[in-house]
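Commentary on secondary and tertiary structure
Residues per chain, in single letters:
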Amino acid sequence: MESVLMHAEAASYPQHDAIIMDGNGRWASARGLPRLAGHAEGAKAVRRTVEASKKLGLRYLTLYGFSMENWKRPVREVDDLMHLFRHYLREEIAGLENEGVRIYFIGDRARLDPDITSLIETAEQKTGDNTELYLTVAISYGSRQEIVAAARQLAKEVEGGKLAADEIDENIFLGRLSTGHLPDADLIIRTSGEQRISNFLLWQAAYAELVFTDVLWPDFSGEDLRRSIEEYGRRERRYGEINN
Ligand code: IPE
Ligand code: IPE
Ligand code: MG
């Protein structure tokens, strides 16, 4: 009986929460400010959310910061975002390191400036021994591109005789994705009222619960995170089965 209860309690709490941080531009426009001001305020919301995640006992937090498709935005905006990203990496890593947060980055690093890539590598190394919260930041990330890269990698392994085509199963495939270190997403939150996935964790979200909130990302608070987790707790996850 006790173990059933424990299982039920564990199931009502997400282990892996992923967030599509949307609405920075609209937050700024509503105040007559340039979009960059919204992105800068969004960076503060990242800090709040990481702290709140730790307090709420989440184990894995994955944040969508810049999509593959976001490269199509005007050069000025992309430059501003990359500048902010650099700033975040320089300013926040020591804090994360001290707070027990381990940071990972997923996405196509080849498109990033080399100085950003090296900041990313340093951050991953410096926080490499931490275990309290696993923070994954998706930058230059696209889920379709990630899946195609995994397929290409497997094809090369088969071509090279390292793997038989018939050996490929879900686990083998998962191992070639950039999220091999993560369990599937339990909860995906999207801010700003949009209700779509925008090429985020397509494989990993196969059975995720989706929570959409009208709050714009720069306004997202620890309390909003807590409410989303509460909403998750009210959902019944069935995975195709029948629950009584
Ligand atoms: C999210 O805010 C941040 C990124 C996608 C980089 P947006 O910049 O998409 O803000 P809106 O959707 O235009 O309000
Ligand atoms: C999704 O937001 C990407 C990130 C939050 C990083 P977008 O604002 O780019 O998504 P669309 O274009 O509205 O789908
Ligand atoms: Mg947007």
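Up top you'll find the structure we're talking about.
The structure displayed is predicted, hence computed values, not measured ones.

**Let's talk about the overall build of the protein**
Across its full length, the protein carries eight helices and six strands. Taken from the N to the C terminus, the helices and strands of the protein come in the order α-β-α-α-β-α-β-α-β-α-α-β-β-α. In summary, the protein has a C-alpha radius of gyration of 19 Å against a globular reference of 18 Å for 244 residues, a match within 12%. Relative to its full complement of 244 residues, the protein shows a buried share of 45%. The long-range fraction of contacts in the protein, counting pairs at least 24 apart against all pairs at least 6 apart in sequence, stands at 77%. Of the roughly 13,100 Å² of accessible surface on the protein, a fraction of 50% belongs to carbon and sulfur atoms.

**Description of the site of ligand 2**
Near ligand 2, the surroundings consist of I20, M21, D22, Y64, G65, F66, N70, R73, R190, R196 and S198. Between ligand 2 and R73, the relevant distance is 3.3 Å, taken from an oxygen atom to a side-chain nitrogen or oxygen of the residue. At a separation of 2.6 Å, an oxygen atom of ligand 2 approaches a polar side-chain atom of S198. If ligand 2 stood free it would expose 390 Å²; the protein chains cover 78% of that surface. Element by element, the count of residues in the shell around ligand 2 is highest for strand 2 (residues 60-67), at three residues. Broken down by class, the residue content of the shell around ligand 2 amounts to four nonpolar, three polar and four charged.

**Side note on the sheet that holds strand 4 (residues 133-141)**
Taken in spatial order, the six strands line up as 3-4-2-1-5-6 in an open sheet, and their pairing is parallel. Single-partner strands in this sheet number two, and they are strand 3 (101-106) and strand 6 (209-212). Sheet twist, expressed as the average angle between the axes of neighbouring strands with direction ignored, equals 20 degrees. Two strands pair when backbone bridges link them, and strand 3 and strand 4 are joined in this way by six bridges, in the parallel orientation. Bridging from a neighbouring strand, I103 pairs with L135 of strand 4. Along the sheet, helix 8 (residues 222-234) contacts strand 1 (16-20), strand 5 (187-190) and strand 6; its crossing angle with strand 5, the most-contacted strand, is approximately 135 degrees.

**What about helix 8?**
For helix 8, with 13 residues, the first-to-last C-alpha span of 19 Å sits near the 18 Å given by 1.5 Å per residue. Those residues of helix 8 that sit buried are D224, L225, S228, I229 and Y232. Buried residues along helix 8 cover an arc of 140 degrees about the axis, so they all sit on one side.

**Thoughts on the nonpolar core**
Counting 39 residues, the largest nonpolar core has I19, F105 and L135 as its most contacted members. Mapped onto this core, the elements with two or more residues apiece are helix 3 (35-56), strand 2, helix 4 (75-98), strand 3, helix 5 (114-126), strand 4, strand 5 and helix 8. No other element matches the eight residues that helix 4 contributes to this core. Apart from the residues lying within four places of it in its own chain, the contact partners of I19 are T49, L61, T62, L63, Y64, I189, F200, W217, F220 and L225. By size, the runner-up hydrophobic cluster in this structure holds 12 residues, among which are I20, A138, A185 and F200.

Parameters and conventions
- Residues numbered from 1 in each chain as written.
- Chains lettered and ligands numbered in written order.
- Predicted model: local features only at pLDDT ≥ 70, side-chain atom pairs only at ≥ 80, totals over all residues.
- Heavy atoms only, no water.
- Helix = DSSP H or I, 4+ residues; strand = E, 2+ residues; numbered from the N terminus.
- Rg over C-alpha atoms; globule rule 2.2 N^0.38 Å.
- Buried < 20%, exposed > 50% of the residue type's maximum accessible area, 1.4 Å probe, protein only.
- Contact = heavy atoms within 4.5 Å.
- Areas by Shrake-Rupley, 256 points an atom, 1.4 Å probe, with all protein chains shown as cover.
- Near = heavy atom within 4 Å.
- Polar contact = N/O pair within 3.5 Å; in protein donor to acceptor, adjacent residues only side chain to side chain.
- Nonpolar A, V, L, I, M, F, W, Y, C, P; charged D, E, K, R; others polar.
- Pairing = 2+ DSSP bridges.
- Axes fitted to C-alpha atoms, helices over the stretch in contact; angles between N-to-C directions.
- Expected span 1.5 Å × (residues − 1).
- Arc of directions from axis to C-beta.
- Core = buried A, V, L, I, M, F, W, Y, C linked by side-chain atoms within 4.5 Å.

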